[in-house]
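Single-letter residue listing:
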Amino acid sequence: MSIHLSSSYYASLCWYGLKKLGFTGGEPDPGFVEWSRRLSELGGDFAFAAPLAGGPVFNFVYQIPGYLDPAEAAELGDIVRALEEFIQTKSVEPFARRWPARTAHWEKWYLPGNLGYLFGVVGGREKETVRLIRLFLDFIGGLWPAYRPEFEEKLRGLPLRGHEERCRRLDPVEAWEKELGLPYPYDRFELVICPESRTVASSLGPEKVVFGAAHAWPLMRNAVVHEIGVRMISFEHLSNHPATRPLMERDYLGVLKLIETEICFRKPRLLPDLTDDPFIRSMRLEKLVEWRTGKRPGADLAASLAEWHTEARALGLI
């Protein structure tokens, strides 16, 4: 298993565009007020509007295209058509058909629980969702050529290869395999460095995570160890395990919160000098991590997670 650091023009361009629209906080750029108004009107019901964009549409316009990482603006049309089919069929087959090599791991990631959550929010508004996606990607396509020099300038001087070597020396996969007794489910892990995002770590998909370039090495080290750990307790394993399969289908977010809690609880064993974990704060896991200290997992971690889910739900922790 290898760790790679890379950049993504689309992921950075998307954040650049969201900033111009005023969708990441603050006012829209004067030259983008009309775009901001049009997209906010269409996206208001989906939580994809000024002043902060989120909701399920964010998955469609940022995570999925960012994972596919189109090399040129012309490819956006193919992505829009695949997204439209995806929304209609609730299947990743349209992506697998067009980009089989790029989507090799998607069947281990886009499972019933994940898809149920994603489409449950969209439910019944498929046409409106497609219109919003088309409008936003038209907007991004219009920005495509002009942003390139700024993107390349911002990447210049970033110590990507040095950070990549430090990440490999960490060897977090072997450490997590010993800690959790589970195998890493993919053949690589990729940290996508984004000069526009302030996000510490934002998943694009199975083995790709965006990391904000402004953050220093100690936070990158934490992010790599954390995100690899989360992926060790894989969606595929939990979706096939008899104890957790029904939970993944009816409470995907609750299970995900327990996974994040488990990794935050165990992470200091891999990073002994970690004293203040921003992942705990950002996901508001303080009470869950404290509660987890009183638990003793059995040999089967999935079965333990299923048992803990019942108790955490009863206590109102998830």
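Residues numbered from 1 in each chain as written. Predicted model: local features only at pLDDT ≥ 70, side-chain atom pairs only at ≥ 80, totals over all residues. Heavy atoms only, no water.

This part covers the nonpolar core. Phe-48, Phe-60 and Phe-136 are the most contacted members of the largest nonpolar core, which has 108 residues in total. Of all the elements, helix H7 (residues 126-155) adds the most residues to this core, at 13 residues. Sequence-distant contacts of Phe-48, that is, excluding residues within four places in its chain, are made with Leu-18, Phe-23, Leu-39, Gly-43, Ala-53, Gly-54, Val-57, Phe-58, Val-61, Leu-132 and Phe-136. (Core = buried A, V, L, I, M, F, W, Y, C linked by side-chain atoms within 4.5 Å. Buried < 20%, exposed > 50% of the residue type's maximum accessible area, 1.4 Å probe, protein only. Helix = DSSP H or I, 4+ residues; strand = E, 2+ residues; numbered from the N terminus. Contact = heavy atoms within 4.5 Å.)

Quick look at the side chain of Thr-244 now. Mapped onto the elements of the fold, Thr-244 is located in the loop between helix H11 (235-240) and helix H12 (245-250). By relative accessible area, which is 1% here, Thr-244 ends up buried. In contact with Thr-244, not counting residues within four places along its chain, are Leu-238, Ala-302 and Ala-306.

So, about the side chain of Lys-208. Structurally, Lys-208 is set in strand S6 (residues 208-212). Lacking a salt bridge, the buried Lys-208 has Glu-190 as its closest oppositely charged neighbour, with an N-O distance of 4.4 Å. (Lys, Arg positive; Asp, Glu negative; His and termini not counted. Salt bridge = Lys/Arg side-chain N within 4 Å of Asp/Glu carboxyl O.)

Within the sequence span of helix H9 (residues 172-180), burial applies to Pro-172, Val-173, Trp-176, Glu-179 and Leu-180. Projected down its long axis, H9 shows its buried positions confined to an angular sector of 130°, all on one face. Summarising the contacts, the buried residues of H9 are in contact with strand S1 (2-7), helix H8 (160-170), helix H10 (217-232), helix H13 (252-270) and helix H16 (301-314). Taken from the residues just after H9, Gly-181 is the one with a positive phi, measuring 70°. (Arc of directions from axis to C-beta.)

Evaluation of the coordinates by the stated rule reveals 0 disulfides. The thiol sulfur of Cys-194 is not disulfide-bonded, and the nearest other cysteine sulfur, from Cys-14, lies at 8.9 Å. For Cys-264, which is in no disulfide, the shortest distance to another cysteine sulfur is to Cys-167 and amounts to 18 Å. (Disulfide = S-S within 2.5 Å.)

Two aromatic rings, taken as a pair, are described by how far apart their centres are and by the angle between their planes. Within the structure shown, the criterion is met by 26 aromatic pairs. Relative to Phe-119, the ring of Phe-60 lies with its centre 6.1 Å away and its plane at 35°, an arrangement referred to as tilted. Here Phe-60, found in helix H3 (residues 55-68), pairs with Phe-119, found in helix H6 (residues 112-122); they are 59 residues apart in sequence, far enough to count as distant. The exposure class assigned to Phe-60 is buried, which follows from its relative accessible area of 0%. Residue Phe-119 is classed as buried on the basis of its relative accessible area of 9%. Linked through ring pairs, Phe-60, Tyr-67, Phe-86, Phe-95, Trp-99, Trp-106, Tyr-110 and Phe-119 together constitute an aromatic cluster. Sitting over the face of the ring of Trp-35, Arg-38 holds its NZ or CZ atom 5.0 Å from the ring centroid. Sitting over the face of the ring of Phe-119, Lys-90 holds its NZ or CZ atom 5.1 Å from the ring centroid. (Phe/Tyr/Trp six-rings, centres within 6.5 Å; stacked < 30°, edge-to-face > 60°. Lys NZ or Arg CZ within 6 Å of the ring centre and 35° of its normal.)

In the contact formed by H8 and H10, the axes pass within 11 Å of each other and the chain directions differ by 50°. Between H8 and H10, the crossing angle belongs to the class labelled oblique. Here H8 and H10 pass one another in a crossing that is right-handed. On H10, the residues touching His-163, Arg-166, Cys-167 and Leu-170 of H8 are Trp-217, Met-220, Arg-221, Val-224 and Val-225. Looking at the contact of H8 with H10, its residues break down into 6 nonpolar, 1 polar and 2 charged. (Axes fitted to C-alpha atoms, helices over the stretch in contact; angles between N-to-C directions. Parallel < 35°, antiparallel > 145°, perpendicular 65-115°, else oblique. Left-handed = near helix turned anticlockwise from the far one by under 90°. Nonpolar A, V, L, I, M, F, W, Y, C, P; charged D, E, K, R; others polar.)

If you trace the 4 strands from one edge of the open sheet to the other, you get S1-S4-S6-S5, paired in mixed fashion. Unpaired on one side and paired on the other, S1 and strand S5 (202-203) mark the two borders of the sheet. With 6 bridges connecting them, S1 and strand S4 (residues 188-194) associate as parallel partners. Within the sheet, the bridge partner assigned to His-4 lies in S4 and is Glu-190. (Pairing = 2+ DSSP bridges.)

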